[in-house]
Structures are given as C-alpha cells and as structure tokens.
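# Structural description and commentary
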Amino acid sequence: AMAIEVLPMTEEHLDGVERLQHECYPTMEEHEKITAERAAHFLEVFREGQTVAVETSGSGRGRVVGMNSGFLVADFDFAKEGGHTFQEITGGLTYSNHSPDGEFYYGYGEGSPKPKLQPRVRLTLSLSLSLSL
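Structure report, in brief. Just so it is clear, the structure is predicted and the values come from calculations on it, not from any experiment.

### Some points on the packing of helix 1 (residues 14-24) against helix 2 (residues 36-46)
Two elements in contact, helix 1 and helix 2, have axes separated by 8 Å at closest approach and are oriented at 125 degrees. Judged by the angle between their axes, helix 1 and helix 2 are oblique. For helix 1 against helix 2, the interelement crossing comes out right-handed. Mapping the contact onto sequence places L14, D15, V17 and E18 in helix 1 and A36, A39, A40 and L43 in helix 2. Across the contact of helix 1 with helix 2, the residue classes tally to six nonpolar, no polar and two charged.

### Observations regarding the sheet that holds strand 1 (residues 4-8)
Here we have four strands laid out as an open sheet, ordered 1-2-3-4, and antiparallel in their pairing. Only two strands of the sheet have a single neighbouring strand rather than two, namely strand 1 and strand 4 (104-111). On average, each strand axis in the sheet is tilted by 15 degrees relative to the strand beside it, whichever way the strands run. Two elements, strand 2 (residues 50-55) and strand 3 (residues 64-73), share five bridges in a ladder whose sense is antiparallel. Bridge pairing in strand 3 places V52 opposite M67. Its contacts with the sheet place helix 1 against strand 2, strand 3 and strand 4, and it is angled at close to 100 degrees to strand 3. The strands touched by helix 2 are strand 2, strand 3 and strand 4; relative to strand 3, the strand with the most contacts, the crossing angle is about 40 degrees.

### So, the packing of aromatic side chains
According to the stated counting rule, one finds four aromatic pairs in the structure shown. Plain terms: the ring middles of F71 and Y95 are 4.6 Å apart, the flat faces sit at 45 degrees to each other, and that makes the pair tilted. Here F71 is found in strand 3, whereas its partner Y95 is found in the loop between helix 3 (86-89) and strand 4, with 24 residues between them in sequence. A relative accessible area of 0% places F71 in the buried class. Here the aromatic rings of F71 and Y106 are separated by 5.8 Å at their centres, their planes lie at 40 degrees, and the arrangement is tilted. Taken as a pair, F71 in strand 3 and Y106 in strand 4 lie far apart in primary sequence, 35 residues in all. Considered together, F71 and Y106 belong to a single accessibility category, that of buried residues. Members of the aromatic cluster, each reached through a chain of ring pairs, are F42, F71, Y95 and Y106.

Parameters and conventions
- Residues numbered from 1 in each chain as written.
- Predicted model: local features only at pLDDT ≥ 70, side-chain atom pairs only at ≥ 80, totals over all residues.
- Heavy atoms only, no water.
- Axes fitted to C-alpha atoms, helices over the stretch in contact; angles between N-to-C directions.
- Helix = DSSP H or I, 4+ residues; strand = E, 2+ residues; numbered from the N terminus.
- Parallel < 35°, antiparallel > 145°, perpendicular 65-115°, else oblique.
- Left-handed = near helix turned anticlockwise from the far one by under 90°.
- Contact = heavy atoms within 4.5 Å.
- Nonpolar A, V, L, I, M, F, W, Y, C, P; charged D, E, K, R; others polar.
- Pairing = 2+ DSSP bridges.
- Phe/Tyr/Trp six-rings, centres within 6.5 Å; stacked < 30°, edge-to-face > 60°.
- Buried < 20%, exposed > 50% of the residue type's maximum accessible area, 1.4 Å probe, protein only.

Structural data, given as structure tokens:
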C-alpha cells in the first residue's frame, strides 16, 4: 500500500511542485502556474505556509503528490461584492499581500490528478493544514 506524508515544503521539493502543477493544470497558461522559482519565492515570503504531500513508499517514493501554499492576510473582506480572483489576492502569485501579523491564512491546495491518489492526498493535506495553523 502506498503511504503519503505531509511535510514542510523545502528547496528539495521545488521541482516536484512544478511537475505537480503541470500534471494538475496541463492547459493553464504558463504565467499562472507555480514554477520551481515561484515556489522558492513562497518559501522566502512565508515558509511556514507551504507544505507538500510526498509518497513515502513504493516506486514513487519521494514524489510530490500534493501541496498546500498560502500566506497571512491582515484585512480580508469576505463580503466584497464580486469576490476576488486568485491572481488579485496572491498579488499575481508574488504573495505581496502577505502580512506577518495577518489574522487570516489564505491558502489553496492541490493533489495529484491520478484517481487513486486524489481522495487520500486531499484528506491528508486538509488535516495537516487545519492542525498546523
């Protein structure tokens, strides 16, 4: 049986994060994807807000199969008419809206598009995020 462990994202996971983006969103515009370079920037901005789900057994050992990424926001208007776009809230994936003293964690997660992994990765990432913050 395959085992998955959630770990703090580190520099060793960056290529795997980029690969996962391409697997999950093959038709997404390149400027919207999280590249290894962007993920490295997220680590600089708010290391504590970045996690990965990694296979810990079998032939995929060490492979990134899921990720959570986010930052803290000081003022978040939940009632904003029309809502917000992902690009707006993330500052165009720069995380320029990160506030070290922010009250709200704005994050998102993704898991492998492989059907056998999806439910397990989503549950694992959701539980780890709620327990770590």
